[in-house]
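For reference, the chains in residue letters:
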Amino acid sequence: MTHPEGRHDDEHRRPESIRQNRYERRRAKIREEIERNRRGEYTVPTWVLTLVLVLVVAGWLALVFLS
C-alpha cells in the first residue's frame with residue numbers, strides 16, 4: 001500500500017528512523033521536565049521520600065534501643 005506522498009510503510013520502520021524518533025521523544029521529555037522544574041512544579045520521587053522515612057525511623061529506633 002502506498003501513501004499519498006508515494007512512501008511505503010517500510011521506510012518508516014528503518015532502525016535509523018526509529019532510533020531518531022526515540023531520541024527526539026527523549027529530548028522533548030527532558031526539555032518539558034526542565035521547563036516544569038523552572039516553573040517550580042518539581043516533585044520529589046516517592047522512593048526518595050520512602051528512603052528518608054525509613055532512615056528517620058531506623059535512626060529513632062537505634063537511639064531508643066542503643067541508649
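Quick caveat: nothing in here was measured; it's all calculated off a predicted structure. (Residues numbered from 1 in each chain as written. Predicted model: local features only at pLDDT ≥ 70, side-chain atom pairs only at ≥ 80, totals over all residues. Heavy atoms only, no water.)

1. So, the overall build of the protein chain
Right, on to step 1. Along the backbone of the protein chain there are 3 helices and 0 strands.
Right, on to step 2. Burial status across the protein chain gives 1% buried among its 67 residues.
Right, on to step 3. With an accessible surface of roughly 6,800 Å², the protein chain has 59% of that area assigned to carbon and sulfur atoms. (Helix = DSSP H or I, 4+ residues; strand = E, 2+ residues; numbered from the N terminus. Buried < 20%, exposed > 50% of the residue type's maximum accessible area, 1.4 Å probe, protein only. Areas by Shrake-Rupley, 256 points an atom, 1.4 Å probe, with all protein chains shown as cover.)

2. Re the pattern of salt bridges
Right, on to step 1. Within this structure, the stated rule accounts for 1 salt bridge.
Right, on to step 2. Measuring nitrogen to oxygen at the nearest pair gives 3.1 Å for the salt bridge that ties Arg39 to Glu41.
Right, on to step 3. Given a relative accessible area of 54%, Arg39 falls into the exposed group.
Right, on to step 4. Overall, Glu41 belongs to the partly exposed group, its relative accessible area being 45%. (Salt bridge = Lys/Arg side-chain N within 4 Å of Asp/Glu carboxyl O.)

3. Some words on the confidence of the model for the protein chain
Right, on to step 1. Across the protein chain, the average pLDDT comes to 83, with 82% of residues at or above 70.
Right, on to step 2. Averaged pLDDT values for the elements of the protein chain fall to 56 in helix α1 (residues 9-12) and rise to 96 in helix α3 (residues 46-66). (pLDDT = per-residue confidence, 0-100.)

4. Some points on a nonpolar patch on the surface
Right, on to step 1. A cluster of nonpolar side chains, namely Leu53, Val57, Trp60, Leu61, Val64, Phe65 and Leu66, defines an oily patch on the protein surface of about 780 Å² accessible area.
Right, on to step 2. Take Leu53: it is sitting in helix α3. (Patch = residues over 30% accessible without salt bridge, like charges linked within 9 Å, V, L, I, M, F, W, Y side chains within 5 Å.)

5. A few points about helix α2 (residues 15-38)
Right, on to step 1. If you check α2, its first and last C-alpha atoms are 35 Å apart, about what 24 residues at 1.5 Å a residue would give, namely 34 Å.
Right, on to step 2. Of the residues one or two after α2, Gly40 is the one with positive phi, at around 90 degrees. (Expected span 1.5 Å × (residues − 1).)

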